[in-house]
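Chain by chain, the residues run as shown.
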Amino acid sequence: MKRQPRTREIAAALALRGRREMSDLLNAAPPYRMLTQSQRAPETLAVRPKPLIKGDKAHGAALLGGRFALAGEMLEVSEEQSVWDCTAPSKRFAERLHRFDWLADLLAVEDPEAPLMARKLVDDWLARFGKWNWFSWEPHVLEGRLWAWLLASETVFAEEDPETPRRLKSAVRQTLRLARCLSLMPQDKTRLFAAITLRLATITLDLPAKLQTQAQGALDRELTSQILPDGGHASRNPCAAADTLIALVVLDRAADERGVTLSSEVSRAMDRAAAFIRFCRFPSGGLSVFHGGDEGDSRAIETALKHVGGGEGRGFNVAPHSGFNRVEAGGAVLIMDSAGPPSGSHSADVHASALAFEFAAPGGRLVVNCGWSEDQPRTWREAVRATAAHSALTLEETSSTRLVAQGWARALLGPRVAAGPEPVKARRNEEDLGVWLEASHEGYRREFGLSLRRRLFLASDGGDLRGEDSLYRPVEDGAPANPELRYRFSIRFHLHPSVRASLSRDSLSALLVAGNGDGWRFRTDGGPVRLERSVYLAAGGKPERSTQLVVSGEAEPYGAGERPPNRVRWAFQRLGRVGAAG
């Protein structure tokens, strides 16, 4: 279904850009900053927020040595240099640098030099950019920096440090700027996190009641519009929902310590998000990987869920608003993407993953999608958004969802969705023997005249996952213009990096050994199975090499998809323990 940007969407983006440029122009003038960012700074913080996500000591040790690894790129700084005077390798690197996303890693190092270096970098930033800078005072950059400083308050705002008053004054100025430019941010998760940061800042900096009320109102509006009734985020990214919950728990704890009562919308959002995150978690504790998310921080997620509570009851197995189905049996978990991508600004990071699934057994993840992490090199971004980077069927190596093409529209709106696979339909049938999922989408109908249907069955003992992928021509479309045409398709099953795979002699099956040594047999009636290279990006850190099973064929442009070559059946069946843990 076509989703080319509408005139109204383009007009709204142009208007927003104009307002932001005007705001930047005004803030470049010292008199305007004095007028809008004048507020008495406190002598100390009213409360010191505690982070849930711990820093990475290895990254912190590299920072102490002058090696800044951000956004998949590296910048080495000598002792004589300041990182703020160096040329950043990319805009993404510069954003992460000025957001101070690395601060928690540095402070995780058990070295007395770490807090000294952190304070020096903060002070050096203030000396260069503390008054105003077009780039580093951008709303999404400012928000990240303010959040990082507040969560590192024991170091950044240490009471015995003579520079703390200057840092507090800057934090107040940045908070006032954030309050004024919140409405200038895109209506996506960046604005939601900015609203959470703003509310936290008003509490910790003990700002006037009027500003606290304004911040709470802004947060309530974003929570209402972005957290769906089933607890998912409007972007359909499970990690975005988890990050939201973690941030809200940090806010809730700080407010409770300060004696501030947050609105009922905050508690409602936390309850909903917690339920959805439990829905998206695998037994190992990590999240399912869809629409630009990664596995998440398992320990932080667990801490956030304990804070919210309410996890004793039976969870749900369908997230209708977020568009996912979950099947759990015998310790195995299957999660399937059963909806199309969101629209508007929330679609800028979505993946073409309709009908893709992930499957985890008690021994660990087995079938995955390639995923994404903000720590990965940008060169991977477009590739992993394609259908081929998911455990799904592709037709003629085409994605089921198309993005806005390169050009002025993409430069203005970002890489949003131009054409989706809608309608995406799904139904579920639960029996004593197991659970059936059946879903279909129309992502290939317009171009190739074929619809896709996927059927999945997970047995009640969790040891038998069966699937059927069918390409069929809808009856109402009539006969194809050229019945002799054939369309090449590939069904991919990306395996987790911990899984080892080997083909049988006839190449119609494969033996899989999970990380704990459990064995699985993959079988298909669709022809030879190939083992190809793949990559897994959702664990963070460097891209991990992995393997994918690929079954290919040539589909006819007609038929109901009830027989070969337009129908392929396959299965993953547990064998027991066949090898040693990797």
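Here we summarise the structure given alongside this text.

Criteria and thresholds
- Residues numbered from 1 in each chain as written.
- Predicted model: local features only at pLDDT ≥ 70, side-chain atom pairs only at ≥ 80, totals over all residues.
- Heavy atoms only, no water.
- Helix = DSSP H or I, 4+ residues; strand = E, 2+ residues; numbered from the N terminus.
- Rg over C-alpha atoms; globule rule 2.2 N^0.38 Å.
- Buried < 20%, exposed > 50% of the residue type's maximum accessible area, 1.4 Å probe, protein only.
- Contact = heavy atoms within 4.5 Å.
- Areas by Shrake-Rupley, 256 points an atom, 1.4 Å probe, with all protein chains shown as cover.
- Lys, Arg positive; Asp, Glu negative; His and termini not counted.
- Charge placed at Lys NZ, Arg CZ, Asp CG, Glu CD.
- Pairing = 2+ DSSP bridges.
- Axes fitted to C-alpha atoms, helices over the stretch in contact; angles between N-to-C directions.
- Phe/Tyr/Trp six-rings, centres within 6.5 Å; stacked < 30°, edge-to-face > 60°.
- Lys NZ or Arg CZ within 6 Å of the ring centre and 35° of its normal.
- Parallel < 35°, antiparallel > 145°, perpendicular 65-115°, else oblique.
- Left-handed = near helix turned anticlockwise from the far one by under 90°.
- Nonpolar A, V, L, I, M, F, W, Y, C, P; charged D, E, K, R; others polar.
- Salt bridge = Lys/Arg side-chain N within 4 Å of Asp/Glu carboxyl O.
- Polar contact = N/O pair within 3.5 Å; in protein donor to acceptor, adjacent residues only side chain to side chain.

Our next topic: the overall build of the protein chain. Across its full length, the protein chain holds 17 helices and 21 strands. Since a compact globule built from 582 residues should have a radius of gyration of about 25 Å, the 25 Å found for the protein chain is in line with a globular shape. By the burial criterion, 57% of the 582 residues in the protein chain qualify as buried. Taking as baseline every contact in the protein chain between residues at least 6 positions apart, the subset at least 24 positions apart corresponds to 69%. When the accessible surface of the protein chain is summed, it comes to about 24,900 Å², and 51% of that surface belongs to carbon and sulfur atoms. In the protein chain, 78 positive and 72 negative side-chain charges are present, and the distance between their average locations comes to 3 Å.

It is worth spelling out the pairing of strand β11 (residues 425-430) at this point. By the bridge criterion, 6 bridges tie β11 to strand β12 (residues 434-441) in an arrangement that is antiparallel. Paired with Glu 430 across the strands is Val 435, a residue of β12. Taking the residues that link successive antiparallel strands as the turn, the β11-β12 hairpin has 3 residues.

Attention now goes to the sheet that holds strand β21 (residues 567-577). Taking strand neighbours across the sheet as the criterion, the 8 strands line up as β11-β12-β13-β14-β21-β18-β17-β16 in an open arrangement whose pairing is antiparallel. At either margin of the open sheet sits one strand with a lone partner, and together these are β11 and β16 (500-503). Mean inter-strand twist for the sheet, computed between neighbouring axes without regard to direction, equals 15°. Pairing analysis gives 4 bridges linking β16 to strand β17 (residues 509-513), with the strands arranged antiparallel. When the sheet's bridge partners are listed, Leu 503 is paired in β17 with Ala 510.

Turning our attention to the packing of aromatic side chains. Geometrically, a pair of aromatic rings is defined through the distance of the ring centres and the angle of the planes. On inspection of all chains with the given rule, the structure shows 24 aromatic pairs. Relative to Trp 137, the ring of Trp 132 has its centre 6.0 Å away and its plane inclined at 45°; by these criteria the two rings are tilted. Trp 132 gets classed as buried once you look at its relative accessible area, which sits at 13%. Pairing Phe 357 with Trp 570 gives two aromatic rings, centres 5.7 Å apart and planes at 5°, and the pair type is stacked. With a gap of 213 residues between them, Phe 357 in strand β6 (residues 357-361) and Trp 570 in strand β21 connect regions that are remote in the sequence. Residue Trp 570 is classed as buried on the basis of its relative accessible area, which comes to 4%. When the ring centre of Phe 324 is taken as reference, the NZ or CZ atom of Arg 236 above it lies at 4.7 Å.

To continue, consider the packing of helix α10 (residues 189-204) against helix α11 (residues 209-226). Relative to each other, α10 and α11 sit at 150°, their axes nearing to 9 Å. With respect to their mutual orientation, α10 and α11 come out roughly antiparallel. Read as a crossing pair, α10 and α11 show a hand that is left-handed. Here α10 contributes Lys 189, Arg 191, Leu 192, Ala 195, Ile 196, Leu 198, Arg 199, Thr 202 and Ile 203 to the contact with α11, which in turn contributes Leu 211, Gln 212, Ala 215, Gln 216, Ala 218, Leu 219, Glu 222, Leu 223 and Gln 226. Considering only residue class, the contact of α10 with α11 consists of 10 nonpolar, 4 polar and 4 charged.

Our next topic: unusual backbone geometry. Cis geometry marks the peptide bond from Glu 422 to Pro 423; its omega dihedral reads 0°. Its location among the elements puts Pro 423 in the loop between β10 (417-419) and β11. With an omega of 5°, the peptide bond running from Pro 564 to Pro 565 counts as cis. Along the chain, Pro 565 turns up in the loop between β20 (544-555) and β21.

Mapped onto the elements, Ala 332 comes out in strand β5 (residues 332-337). Ala 332 sits in the buried class, given a relative accessible area of 0%. Counting along the chain gives 169 residues from Ala 332 to Ala 501, while the straight-line C-alpha distance between them is 19 Å. Discounting residues that sit within four places of it in the chain, Ala 332 has contacts with Val 327, Phe 359, Ala 360, Ala 361, Pro 362, Leu 458 and Gly 462.

What follows concerns the side chain of Arg 173. You can see Arg 173 is positioned in helix α9 (residues 164-181). Put simply, Arg 173 is tucked away with no salt bridge, and the nearest opposite charge, on Asp 24, sits 12 Å away. Within the structure, the side chain of Arg 173 is placed 2.7 Å from the side chain of Gln 37, a separation counted as a polar contact.

The subject of this paragraph is the pattern of salt bridges. Applying the stated criterion to the full structure yields 43 salt bridges. Residues Asp 525 and Arg 569 are paired through a salt bridge, measuring 2.9 Å at the closest nitrogen-oxygen approach. On the criterion of sequence distance, the pair formed by Asp 525 in the loop between β18 (518-524) and β19 (529-536) and Arg 569 in strand β21 is long-range, its members being 44 residues apart. Owing to a relative accessible area of 42%, Arg 569 belongs among the partly exposed residues under this scheme. A single salt-bridge network, built from bridges that share partners, covers Arg 119, Asp 123, Asp 161, Glu 163, Arg 166 and Arg 167.

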